Amino acid sequence: NRWRRRVVRALLFRVVFGERSQGRWLPHTRISPSSCIEHEDHLALGDHVYIGHFNLIEASGGVTIGEGVQITSHCAIVTHSSHRAMRLLGEGFAEWPHDDQVQRPGWVSGPVEIGPYSFIGPHSLIEANTRLGRGTLVCAGSVVRGNHPDFAILEGRPARVVGDSRHADAKLLAAHPACRTLYDAWAGETS
């Protein structure tokens with residue numbers, strides 16, 4: 001996929017349908033050729049995912065992106081952070097043993113999981129050890145870490161829960177009642 005995106009970027013610079021993830025063909029998933037994915041073998045995608053222009057996904061610690069997730073532009077998803085370890089160890093950072101049993105002091109790492117049908121607004125950062133529930137809405141420019149419930153609206157630096165996405169969904173469902181069955185299929189009954 002990486003080479004295919006590079007060729008498409010060179011020829012068309014357009015987002016195209018169809019990706020492979022964890023050995024599965026995802027015909028409705030789209031990833032911009034301008035997005036950078038590091039450690040793609042540790043990235044698990046659902047179908048109907050959209051990853052827009054100029055994003056970074058660093059997946060060395062494992063990233064799971066659920067079905068229907070939209071990641072807009074200029075977002076970063078990282079599964080490790082070394083800046084504390086660099087400050088603590090200085091020049092010794094490079095020589096520190098690369099042993100899974102002996103982690104560098106100050107090193108932060110862990111997986112990221114983004115629940116189905118979530119939305120990540122532009123210029124957001126999702127940090128290591130983060131789990132976003134289904135239907136989560138991350139507002140533009142937010143810095144997110146930790147576990148967050150289904151349908152949370154997250155905003156700020158650091159992000160905090162400022163609402164429930166089902167409230168906005170209820171207004172749309174009232175205007176488009178034919179969508180209720182489709183909505184309930186992934187979201188369950190709303191309260």
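Figured I'd write up the structure that's included with this text. (Residues numbered from 1 in each chain as written. Predicted model: local features only at pLDDT ≥ 70, side-chain atom pairs only at ≥ 80, totals over all residues. Heavy atoms only, no water.)

## Here we look at the pattern of salt bridges
Here comes step 1: Counted under the stated rule, the structure contains four salt bridges.
Here comes step 2: The salt bridge partner of glutamate 127 is arginine 145, with a shortest N-O separation of 2.5 Å. Of this pair, glutamate 127 sits in strand β14 (residues 125-132) while arginine 145 sits in strand β16 (residues 143-148), and the two are 18 residues apart along the sequence.
Here comes step 3: Judged by its relative accessible area of 18%, glutamate 127 falls in the buried class.
Here comes step 4: By relative accessible area, arginine 145 is classed as partly exposed at 49%.
Here comes step 5: Here aspartate 184 makes a salt bridge to arginine 180, at a shortest N to O gap of 3.3 Å. Here aspartate 184 and its partner arginine 180 are both found in helix α4 (residues 180-187), four residues apart, which amounts to about one turn of the helix.
Here comes step 6: Under the relative-accessibility criterion, aspartate 184 is labelled partly exposed at 26%. (Salt bridge = Lys/Arg side-chain N within 4 Å of Asp/Glu carboxyl O. Helix = DSSP H or I, 4+ residues; strand = E, 2+ residues; numbered from the N terminus. Buried < 20%, exposed > 50% of the residue type's maximum accessible area, 1.4 Å probe, protein only.)

## Let's talk about the nonpolar core
Here comes step 1: In terms of nonpolar packing, the biggest core is built from 25 residues, with Ile57 and Ile65 touching the most fellow members.
Here comes step 2: Among the elements of the structure, β2 (24-31), β4 (43-45), β7 (63-65), β12 (112-114), β14 and β17 (152-156) are those that each provide at least two residues to this core.
Here comes step 3: Leave out the neighbours within four places in its chain, and isoleucine 65 touches Leu43, Ala44, Leu45, Gly46, Val49, Ile51, Ile57, Ile71 and Ile114. (Core = buried A, V, L, I, M, F, W, Y, C linked by side-chain atoms within 4.5 Å. Contact = heavy atoms within 4.5 Å.)

## Side note on helix α3 (residues 165-175)
Three- or four-residue spacings in an α-helix give side chains the same orientation, since the helix completes a turn every 3.6 residues.
Here comes step 1: Taken together, the buried positions of α3 are occupied by Ser165, Asp169 and Leu173. Along the long axis of α3, the arc covered by the buried residues comes to 65°, so they all point the same way. Within α3, the exposed residues directed more than 90 degrees away from the buried face are His167, Lys171, Ala174 and Ala175.
Here comes step 2: Elements in contact with the buried residues of α3: β17, β18 (159-164) and α4. (Arc of directions from axis to C-beta.)

## Describing the environment of tryptophan 186
Here comes step 1: Topologically, tryptophan 186 is positioned in helix α4.
Here comes step 2: Residues tryptophan 186 and proline 149, spaced 37 residues apart in sequence, show a C-alpha to C-alpha distance of 15 Å.
Here comes step 3: If sequence neighbours within four positions are ignored, tryptophan 186 has contacts with Pro116, Tyr117, Arg134, Gly135 and Phe151.

## Considerations on the side chain of glutamate 127
Here comes step 1: Here arginine 145 takes part through its side chain, which lies 2.5 Å from a polar atom of the side chain of glutamate 127.
Here comes step 2: Leave out the neighbours within four places in its chain, and glutamate 127 touches Val78, Val112, Val143, Val144 and Arg145. (Polar contact = N/O pair within 3.5 Å; in protein donor to acceptor, adjacent residues only side chain to side chain.)

## Points about the environment of histidine 42
Here comes step 1: Within the secondary structure layout, histidine 42 lies in the loop between β3 (36-38) and β4.
Here comes step 2: What histidine 42 contacts, discounting residues up to four positions off in sequence, is Gln22, Ala59, Ser60, Gly62 and Val63.
Here comes step 3: From its side chain, histidine 42 meets the backbone oxygen of serine 60 in a polar contact 3.1 Å long.

## What about the sheet that holds β17?
Here comes step 1: Overall, mixed pairing links the eight strands, which are arranged β1-β2-β5-β8-β13-β15-β17-β18 in an open sheet. Strands with a single pairing partner mark the edges of an open sheet, and in this sheet they are β1 (17-21) and β18.
Here comes step 2: As paired elements, strand β5 (residues 50-51) and strand β8 (residues 70-71) share two bridges and run parallel to each other. When the bridges of β8 are listed, tyrosine 50 appears paired with glutamine 70.
Here comes step 3: Against the sheet, α3 contacts β17 and β18, and its axis sits at roughly 30° relative to β18. (Pairing = 2+ DSSP bridges. Axes fitted to C-alpha atoms, helices over the stretch in contact; angles between N-to-C directions.)

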